[in-house]
Amino acid sequence: MDDELLQRIRRFRTDYFPQYQGQFKALVDQGQHPTTLFIGCSDSRLLPYMLTGAGPGELFIVRNVGALIPPYNGLHGLHGTAAAIEYAVLNLHVSHIVVCGHSHCGAMKALYEEISPEAKNLDAWLDLAREAALPVQVTPEALRRTEQRAVVLQLERLMDYPMVRQRVEARQISLHGWHYVIEEGEIHVFDVKTGSFVPASRAEHSGTGPYQDAEPEQGAIFNEVDAAWYKT
Ligand SMILES: [Zn+2]
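For the structure given in this document, a descriptive report is provided here. This is a predicted model, so every value here is computed, not measured.

## What to know about helix α3 (residues 80-90)
Consideration 1: Inspection of α3 places Ile-85, Ala-88 and Val-89 among the buried residues, and these make up the whole buried set. Viewed end-on, α3 has its buried residues packed into an arc of 90°, placing them on one side of the element. Turned more than 90 degrees away from the buried face of α3 sit Gly-80 and Leu-90, all of them exposed.
Consideration 2: Each element contacted by the buried residues of α3 is listed here: β1 (36-41), β2 (59-64) and α7 (162-169).

Put into structure tokens, the structure is as follows:
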């Protein structure tokens, strides 16, 4: 029987690794200094390196179902994503944090469906996105909006992490909310000032910038009246 995975990992070493050997050696000798924490959905169609043109050592990546961020609630439990955020900020001193959702996200669709009783962890995990769900009939448009609302919700939760908020307010970290539309090959960037997602081809910047640039008196962070998560 062909062991395709074995062939592929052999091929990595023979065909791919040699081009980057020097780079990998430097990254081992000098350690990693990625500037960006990329929090993305686990979806197989979301390709952080390809999307950002990043090479070895450039992205510190944490991926999970839905690109969700657990609350910083002081329980200090088994939160892999929370641990990655703390490590990226406190140890790696990243200057950008990207939260990247995407079109046709199974996690967002699952918010409108029955979850298998066997999937207890998945069911609980999706609670982190439930506020993003809309009380409407599920349509492609509703799903798109849910996906985008979920990204904003995670950005809000990210700001509850004291080490993140502190650095965002000190302008040492900028936050980026992205929604990747798979079939268009385009990332839509959340603009905190207008509260909307703008296609990267037309956007003026790659993210929200420092949160303090937002103007709360102009309304909700998301341009919808039901933006319940808007707290400041
Ligand atoms: Zn997804």
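## Concerning the packing of α3 against α7
Consideration 1: Across the interface, α3 lies against α7 with an axial gap of 9 Å and an inter-helix angle of 40°. Classed by the angle they form, the pair α3 and α7 counts as oblique. Here the hand of the crossing between α3 and α7 comes out left-handed. Contact residues: α3 offers Ile-85, Glu-86, Val-89 and Leu-90, while α7 offers Met-163, Val-164 and Arg-167.
Consideration 2: When the residues that make up the contact of α3 with α7 are grouped by side-chain class, the tally is 5 nonpolar, no polar and 2 charged.

## Notes on α7
Because an α-helix completes one turn every 3.6 residues, residues spaced three or four positions apart along the sequence face the same direction.
Consideration 1: Of the positions making up α7, those classed as buried are Val-164, Arg-167 and Val-168. Down the axis of α7, the buried side of the element spans an arc of 100°, and every buried residue falls inside it. Away from its buried face by more than 90 degrees, α7 exposes Pro-162 and Gln-166.
Consideration 2: The elements touched by buried residues of α7 are α3, α6 (140-158) and β4 (174-181).
Consideration 3: Arg-171 occupies a position one or two residues after α7 and carries a positive phi of about 60°.

## Regarding the nonpolar core
Consideration 1: Core analysis: the largest hydrophobic core is formed by 47 residues, its most contacted members being Ile-39, Val-99, Cys-100 and Ala-129.
Consideration 2: Sorting elements by how many residues they give to this core places α6 first, with 6 residues.
Consideration 3: When residues no more than four places from it in sequence are discounted, the contact partners of Ala-129 are Gly-66, Leu-68, Ala-107, Met-108, Leu-111, Ala-150 and Leu-153.

## Quick notes on unusual backbone geometry
Consideration 1: Phi angles above zero are rare outside glycine, and His-104 is one such case at about 55°.
Consideration 2: Within the element layout of this structure, His-104 appears in the loop between β3 (96-102) and α4 (106-110).
Consideration 3: Exposure remark for His-104: the 15 C-beta atoms within 10 Å place this residue in the partly exposed category.
Consideration 4: Positive phi values are uncommon outside glycine, yet Arg-171 reaches one of about 60°.
Consideration 5: Checked against the element boundaries, Arg-171 lands in the loop between α7 and β4.
Consideration 6: Arg-171 gets classed as partly exposed once you count the C-beta atoms within 10 Å, which come to 13.

Each value, and the rule that gives it
Residues numbered from 1 in each chain as written. Predicted model: local features only at pLDDT ≥ 70, side-chain atom pairs only at ≥ 80, totals over all residues. Buried ≥ 20, exposed ≤ 12 C-beta atoms within 10 Å, placed from the backbone. Helix = DSSP H or I, 4+ residues; strand = E, 2+ residues; numbered from the N terminus. Arc of directions from axis to C-beta. Contact = placed C-beta atoms within 7 Å. Axes fitted to C-alpha atoms, helices over the stretch in contact; angles between N-to-C directions. Parallel < 35°, antiparallel > 145°, perpendicular 65-115°, else oblique. Left-handed = near helix turned anticlockwise from the far one by under 90°. Nonpolar A, V, L, I, M, F, W, Y, C, P; charged D, E, K, R; others polar. Core = buried A, V, L, I, M, F, W, Y, C linked by C-beta atoms within 7 Å.

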